[in-house]
Amino acid sequence: MKIDYRAFYQSREWRQLRNTILQRDHYTCCMCGFKSVPSSRLLVVDHIVEIRDDYSRRLDPSNLRVLCLHCNERRHSGRAGAAKRRAGSGGVAADGTPLDSHHLWNQVEVDDDGF
Ligand SMILES: [Zn+2]
């Protein structure tokens, strides 16, 4: 099934629920404890079970949690990284490591390439 994420994230239901979850969790990242303010753009409301895995839980408060941008990146970078490595797009070394040392992938710990 093709899911229109853009329409979903712009829907009034989602925006209202997103505010509710931010309030419920006190504008605090559930992974690192980063706390922010209601108007902050540093927090996201994350689907624990992703929409693509269970569309019916997209508006289920028990499936939602607050993450800061950093933790959200960490959570999603593994999958995105693997996909990009498979695609073999430019800007990466032969082993799939991004050439830019400031790239997120080079800042997170990886446990599959011991020295
Ligand atoms: Zn965090």
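See the structure above.
Fair warning: this is a prediction, and the values are worked out from it, not measured in the lab.

Here the focus is the overall build of the protein. Summing up its helical and strand segments, the protein has three helices and two strands in all. The order of helices and strands in the protein, counted from the N terminus, is α-α-β-β-α. Out of the 115 residues in the protein, the part that is buried amounts to 9%. In the protein, the share of contacts with a sequence separation of at least 24, taken over all contacts with a separation of at least 6, comes to 50%.

Another aspect to go through is the nonpolar core. By size, the foremost hydrophobic cluster in this structure holds nine residues: L22, C29, L43, V45, L64, V66, L67, C68 and C71. Elements with a contribution of two residues or more to this core: strand 1 (43-47) and strand 2 (64-68). With four residues, strand 2 is the largest single contributor of residues to this core. Beyond its immediate sequence surroundings of up to four residues, C71 is in contact with C29, M31 and C32.

Looking now at the pairing of strand 2. Most of strand 2 sits out of view: four of its five residues are buried. When strand 1 meets strand 2, the two strands line up antiparallel, connected through five bridges. Within the sheet, the bridge partner assigned to D46 lies in strand 2 and is R65.

Let us look at the environment of L42. Checked against the element boundaries, L42 lands in the loop between helix 2 (12-24) and strand 1. Expressed as a C-alpha distance, the spacing of L42 and H70, which sit 28 residues apart in the sequence, is 8.4 Å. If we ignore the near neighbours within four places in the chain, the residues touching L42 are S36, C68 and L69.

Here we take up helix 2. Because each turn of an α-helix spans 3.6 residues, side chains separated by three or four positions end up pointing in the same direction. Under the 1.5 Å per step criterion, the end-to-end length of helix 2 is 18 Å for 13 residues, consistent within 8% with the ideal 18 Å. Among the residues trailing helix 2, H26 stands out with phi positive, at a value near 60 degrees.

About the criteria used
Residues numbered from 1 in each chain as written. Predicted model: local features only at pLDDT ≥ 70, side-chain atom pairs only at ≥ 80, totals over all residues. Helix = DSSP H or I, 4+ residues; strand = E, 2+ residues; numbered from the N terminus. Buried ≥ 20, exposed ≤ 12 C-beta atoms within 10 Å, placed from the backbone. Contact = placed C-beta atoms within 7 Å. Core = buried A, V, L, I, M, F, W, Y, C linked by C-beta atoms within 7 Å. Pairing = 2+ DSSP bridges. Expected span 1.5 Å × (residues − 1).

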